[in-house]
Amino acid sequence: MEAQLVSNKRAEDASPEELFKMLSSSSEGLSVDEARKRLEQYGPNALAEQKERPLLKFLGYFWGPIPWMIEVALILSIVVKRWVDAVIIGVLLVFNAGIGFWEEHKAANALAALKAGLALKAKVLRGGKWGEVEAANLVPGDIVRLRLGDIIPADVKLIEGGYISIDQAALTGESLPVNKKTGDIAYSGSVAKQGEMVALVTGTGSNTFFGRTAKLVGEAGAASHFQKAVMRIGDFLIFVAVGLSIILIAVELHRGEPALELVQFILILVIASIPVAMPAVLSVTMALGALSLSKDKAIVSRLQAIEEMAGVDILCSDKTGTLTKNELTLGEPVLFGAKNAEELILSGALASKAEDRDAIDLAVIDALKDKSILDNFNQTEFIPFDPVGKRTEGTVTDPDGQTIKYTKGAPQVILDLCDVNDDTRNRADRVVNEMAAKGYRTLSVAESRIEGRWDYSGILPLFDPPRDDSAETIAQAKKHGLKVYMITGDNVAIASEISGQLGMGTHIQAATELFKGDVDPAHLSPEAGQKIEDADGFAEVFPEHKYAIVKALQDRGHLVAMTGDGVNDAPGLKQADTGIAVSGATDAARAAAALILTEPGLSVIIKAIEEARQIFERMMSYTIYRIAMTIDIMFFVVLAMLSFDFTPLTAVMIIVLALLDDIPIMTIAYDNTRIDPEPVRWQMSRVLSISSVLGLLAVAETFGLLLIGWEWIENPEWQQWIRIDKPHLQTMLFLQLVAGGHLMLFVTRTKKFFFTPPFPSWPLFCAIVGTQGFAMLMCAFGWLVPPLPWALIGLVWVYNFLWMFIQDFVKVGVYYLIEDRATHRRRYLKTVNQPLHAQ
């Protein structure tokens, strides 16, 4: 009989025997063959991922405005039978598509390999034998064993065992574990905290509570701020190039040029001018950034998000496990009835059970100087902690054979249990309050040697200490212009203590007070928004508050990164400019996040921000270079043709120029760059100012060489030294544009003088030198261009070097003027926009 798909409601209502029948299974589990058939029928136990076919992905690089222009130029070259032009244009088209496809493919493969390393395992009974399989291979009807610490791998019906305590916080937001028994349902993605049971798999993959919830969280697919800006510049350059081309076509047609050949030439000119390599440059740079971060245990799930982090100025960080160790540690015990600290800790340890792996029990037991002392006692009965009784109790037989009871739990509960006087109670209350103010949780301990009488022994303080690297990481974040907000579900006192220890400030706001039941940011008052911005952190935070905090900060002009780990964190992670799923996060949180951490701590986030700012610098230098080159090529060619009725470059030269420009551009992704000490954002006016100045200087440089060459042709004395004609002048101008353009890349890659650190990386330097060498050999030996004497090649190089220094000095001057204005503006804003709590 074929197995049926079973809903959670049906699974909950049905008995184990009925479920076995519905799922065509038995207490012996499925056979290996049946499990394989069902895996083919139902698919893997994982969220569905839509995979693109490589061929279609590759063909996609031939579709779009820029590829269309290249393809039209290729067709026109074939029509007018310019076969050399056609071959080189074809190479340009395939080259750009191939580079973009290969780099994205390589990055995707690396990402898939890293994600595979995160795969969960499950203990499953098949063919009557227990074994371990990947959780993705589970099918309905499988029988699995669930133990302490396991992530429940699928929706299951508990069919055998005493009990199991399950943490469903990631799915339902419940802060306390839920005790489950035989006949109950456990959901995929929740975590076993205590106990062990055997269960029957009722739903897998998207047919689970977890799968249906996770499907609601779609991954953000929008282009990043920087990418949008670069694309806008690309559109602007195309507009400028097309506008100049229309003017040129009108003039040249009026002069009687053949229409078809003119259109072919203009198309080639536009292709060489616009940023054809932009998609490939972006993808290469993003892919290399992702691979670099993967070595630091951070997986980038959306490439464009790396550059988004460059502008992040606020990081909202979880406390537990990110800023702290997530390891409860015992503080200095406070004695009441106990003789010494070791006796008090021993009493607490005898009211614990190591096998249950409860975090508090383990912290108390680990605090014993000599754990072997526990071997002298025989624990005959143990009552675990429950939310109602709020204490644990252990009954033991000591070495003398006496039966003693020990208990530990909430201070008020233990005080009420004991017969204490007012002085003892007042002192205990005072100690508990003082400890709470310092961020400690407290347990009271008592013992009973006479039935019905409990004696108060003392207080054990517990705390989750900061990670060893947290304070240094926070200090580094501040140096990077980043404000870190602590976000925790703990109370204000604990949050304030930890925040103060880490140098983050102690102005902690309670989220429950800020939102007062309404977590819709649209209903947030301006005063509450200001309080959020001025705070140093947030306590008593529920998952729904995270989204509201992020949105409120964004509404005040900040770019926000946020950490999270649960399904309920997914809306906040998605809303954040950079969502970060911390180590141990659920798949739903990972799906909504842009960055997935596989190790605890904040240091990798700082590394990601540094990487992002370096990428931003590379993209900025590329953009400035690309705008300047477009101005140079388009304005120069149009100006030369309108002024002298002379075509300064042949179609072949323009195509080769575009190819030679693209090769070094690819290596910008490997370049050494400075790390900006402040968050960096797109500043269009700055980019256009720098690139326009450099572009106009480049036009003057190229046009200057044209004037020199024109004078040379018409000057008999100069002709006696080296004879040149118009074809040779075209070669000189070609060499100047190749060499001058690549030298300008050295100028645009830094705000300082080009001869100061950081120096170019070897890949960039070698690519530029290599293409320069190839261009010189082309001109010297006449490959595709009229040959030039070495003396003229040397003169062109000297001319370019002189202009390189002129461009560099002007660039530094323009940056100085821009930075000076920006500094004055920042100082002004700082004086008029003091935080409210600082006034």
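- In the nomenclature of an unreviewed UniProt entry, the protein corresponds to Plasma-membrane proton-efflux P-type ATPase from the organism Candidatus Desulfacyla euxinica.
- Per its UniProt entry, the protein bears the Sequence similarities (unreviewed entry) comment "Belongs to the cation transport ATPase (P-type) (TC 3.A.3) family. Type IIIA subfamily."
- UniProt lists a comment for the protein under the heading Subcellular location (unreviewed entry), and it reads "Membrane".

### With respect to the pattern of salt bridges
Consideration 1: In the structure shown here, the tally under the stated rule is 25 salt bridges.
Consideration 2: Here Lys325 makes a salt bridge to Asp468, at a shortest N to O gap of 3.5 Å. Note that Lys325 is positioned in the loop between strand E11 (314-318) and strand E12 (329-330) and Asp468 in the loop between strand E18 (453-463) and helix H17 (470-479), a separation of 143 residues in sequence.
Consideration 3: Of the residues examined, Asp468 reaches a relative accessible area of 71% and is grouped as exposed.
Consideration 4: Put simply, Asp455 and Arg453 hold a salt bridge, and the shortest N to O gap is 3.2 Å.

### Regarding the nonpolar core
Note that soluble globular proteins tend to have their nonpolar side chains buried in a common cluster.
Consideration 1: Membership of the largest hydrophobic core comes to 143 residues, with the highest contact counts inside it found for Leu595, Ile605, Leu706 and Phe734.
Consideration 2: With 24 residues, helix H24 (residues 603-644) is the single largest residue contributor to this core.
Consideration 3: When sequence neighbours within four positions are dropped, the list of residues in contact with Leu706 reads Phe636, Ala640, Phe644, Phe646, Leu729 and Leu733.
Consideration 4: By size, the runner-up hydrophobic cluster in this structure holds 29 residues, among which are Leu514, Phe515, Ala585 and Ala593.

### Describing the pairing of E11
Consideration 1: Of all five residues in E11, five are buried; the element is thus mostly enclosed.
Consideration 2: A two-sided burial pattern is seen for E11, the buried positions comprising Ile314, Cys316 and Asp318 on one face and Leu315 and Ser317 on the other.
Consideration 3: For E11 and strand E22 (residues 560-564), the ladder comprises three bridges, and the chain directions are parallel. When the sheet's bridge partners are listed, Cys316 is paired in E22 with Met562.
Consideration 4: For E11 and strand E19 (residues 483-487), the ladder comprises five bridges, and the chain directions are parallel. Counted as the bridge partner of Cys316 is Tyr485 from E19.

### A short note on the confidence of the model for the protein
Consideration 1: Put simply, the protein has an average pLDDT of 82, and 87% of its residues get 70 or more.
Consideration 2: Contacts of residues 213-222 to residues separated by more than four positions or lying in other chains number 13 contacts, the stretch itself having pLDDT below 50.
Consideration 3: For residues 832-839, every residue scores under 50 in pLDDT, and the model assigns this stretch six contacts once sequence neighbours within four places are set aside.

### Description of the packing of H24 against helix H26 (residues 684-714)
Each pair of packed helices can be described by the angle between their axes along with the distance between the axes.
Consideration 1: In the contact formed by H24 and H26, the axes pass within 8 Å of each other and the chain directions differ by 35°. As H24 packs across H26, the resulting crossing turns out to be right-handed.
Consideration 2: A class-by-class count of the residues in the contact of H24 with H26 yields 21 nonpolar, six polar and one charged.

### Observations concerning the sheet that holds strand E8 (residues 191-195)
Consideration 1: If you walk across this open sheet you meet the three strands as E6-E5-E8, and the pairing is antiparallel. The sheet is open, and its two borders are formed by strand E6 (178-180) and E8, each paired with just one other strand. Adjacent strand axes in the sheet meet at a mean angle of 35° when their direction is disregarded.
Consideration 2: Bridge count between strand E5 (residues 164-167) and E6: three bridges; the pairing is antiparallel. When the sheet's bridge partners are listed, Ser165 is paired in E6 with Asn179.

### Overview of the sheet that holds strand E23 (residues 578-581)
Consideration 1: Judged by pairing direction, the sheet is mixed, and its eight strands sit side by side in the order E10-E24-E23-E22-E11-E19-E21-E20 without closing on themselves. This sheet does not close on itself; its edge strands, each paired only once, are strand E10 (298-300) and strand E20 (508-510). Here the average twist between neighbouring strands, direction ignored, is 20°.
Consideration 2: Contacting E10, E11, E22, E23 and strand E24 (595-597), H24 crosses the sheet at an angle of about 145° to E24.

### What to know about empty space enclosed by the protein
Consideration 1: Tallying each qualifying case throughout the model produces six cavities of 30 Å³ or more.
Consideration 2: Estimates place the volume of the second largest cavity at around 50 Å³.
Consideration 3: Elements that contribute at least two residues to the lining of the second largest cavity include exactly helix H6 (83-116), helix H10 (259-273) and helix H25 (651-666).
Consideration 4: The residue makeup of the lining of the second largest cavity, split by class, is nine nonpolar, no polar and no charged.

### Points about the pairing of E5
Consideration 1: The sheet contact formed by E5 and E8 spans four bridges and is antiparallel. Opposite Ile164, over in E8, you have Gly195 as the bridge partner.

### Here's the deal with the packing of aromatic side chains
Consideration 1: This structure, assessed with the given rule, holds 21 aromatic pairs.
Consideration 2: In textbook terms, an aromatic cluster arises when at least three aromatic residues are bridged by ring pairs, as seen for Phe636, Phe644, Phe646, Phe703 and Trp710.
Consideration 3: Note that Arg145 overlies the ring of Trp130, its terminal NZ or CZ placed 4.3 Å from the centroid.
Consideration 4: The ring of Phe336 has Arg427 lying over it, and the distance from NZ or CZ to the ring centre is 4.1 Å.

### Here we look at the side chain of Glu393
Consideration 1: With respect to the helices and strands, Glu393 occurs in strand E15 (residues 391-397).
Consideration 2: A relative accessible area of 10% places Glu393 in the buried class.
Consideration 3: Engagement of the side chain of Glu393 in a polar contact is seen with the side chain of Arg391, the distance being 2.9 Å.
Consideration 4: Dropping the residues within four chain positions of it, Glu393 is found in contact with Glu381, Phe382, Ile383, Lys405, Tyr406, Thr407 and Trp454.

### So, unusual backbone geometry
Consideration 1: With omega at 0°, the peptide bond leading from Pro757 into Pro758 counts as cis.
Consideration 2: In the Ramachandran plot, Ser24 falls in the positive-phi region, its phi being about 50° despite a non-glycine side chain.
Consideration 3: Assignment of secondary structure puts Ser24 in the loop between helix H2 (16-22) and helix H3 (32-42).
Consideration 4: Given the relative accessible area of 23%, Ser24 is considered partly exposed.
Consideration 5: Look at Asp645: it is not a glycine, yet its phi comes out positive at around 50°.
Consideration 6: In this fold, Asp645 is placed in the loop between H24 and H25.

Conventions and cut-offs
- Starting afresh in each chain, residues are numbered from 1 along the sequence in its written order.
- Confidence filtering applies because this is a predicted model: local features only for residues at pLDDT of at least 70, side-chain atom pairs given and counted only at 80 or more, and all residues used for totals across whole chains, interfaces and linings.
- Here the side-chain values reflect all heavy atoms present in the structure, with hydrogen atoms and water set aside.
- UniProt positions are given in the numbering used here, feature names are shortened, and annotations may be inferred rather than shown by experiment.
- Salt bridges are defined by distance alone: a side-chain nitrogen of Lys or Arg within 4 Å of a carboxyl oxygen of Asp or Glu.
- What counts as a helix is a DSSP run of H or I of at least four residues, what counts as a strand is a run of E of at least two, and both are numbered from the N terminus.
- Any residue under 20% of the maximum accessible area for its type is buried, any over 50% is exposed, and the rest in between are partly exposed; the area is computed with a 1.4 Å probe on protein chains only.
- Throughout this description, the term nonpolar core refers to a set of buried Ala, Val, Leu, Ile, Met, Phe, Trp, Tyr and Cys residues connected via side-chain atoms within 4.5 Å.
- Should any heavy atoms of two residues lie within 4.5 Å, those residues are counted as being in contact.
- Two strands make a pair as long as DSSP finds a minimum of two bridges between them.
- Summary of the metric used: pLDDT quantifies the predictor's per-residue confidence within the range 0 to 100.
- To obtain an axis, a line is fitted to C-alpha atoms, over the contacting stretch when the element is a helix, and the angle between two such axes runs from 0 to 180 degrees between their N-to-C directions.
- Left-handed describes a crossing whose near helix is turned anticlockwise from the far helix by less than a right angle; the clockwise case is right-handed.
- Gly counts as polar in this scheme, as do all residues outside two lists: the nonpolar Ala, Val, Leu, Ile, Met, Phe, Trp, Tyr, Cys and Pro, and the charged Asp, Glu, Lys and Arg.
- Every definition here rests on a 1 Å grid over the protein atoms only: cavities are sets of points where a 1.4 Å probe fits but cannot get out, pockets are open sets enclosed by protein on both sides within 12 Å along at least five of seven lines, and lining residues have some atom within 4 Å of a point.
- Grid points are joined across faces, edges and corners, and a volume is the space filled by probe spheres set on the points.
- Each Phe, Tyr or Trp ring (for Trp, its six-membered ring) is paired with any other whose centre lies within 6.5 Å, and the angle between the two planes then decides the class: stacked below 30 degrees, edge-to-face above 60, tilted in between.
- A ring has a charge above it when a Lys NZ or an Arg CZ is no more than 6 Å from the ring centre and no more than 35 degrees off the ring normal.
- Any N or O atom pair separated by 3.5 Å or less is treated as a polar contact, with the protein-specific requirement of one donor-capable and one acceptor-capable atom, and with residues adjacent in sequence counted only for side-chain atom pairs.

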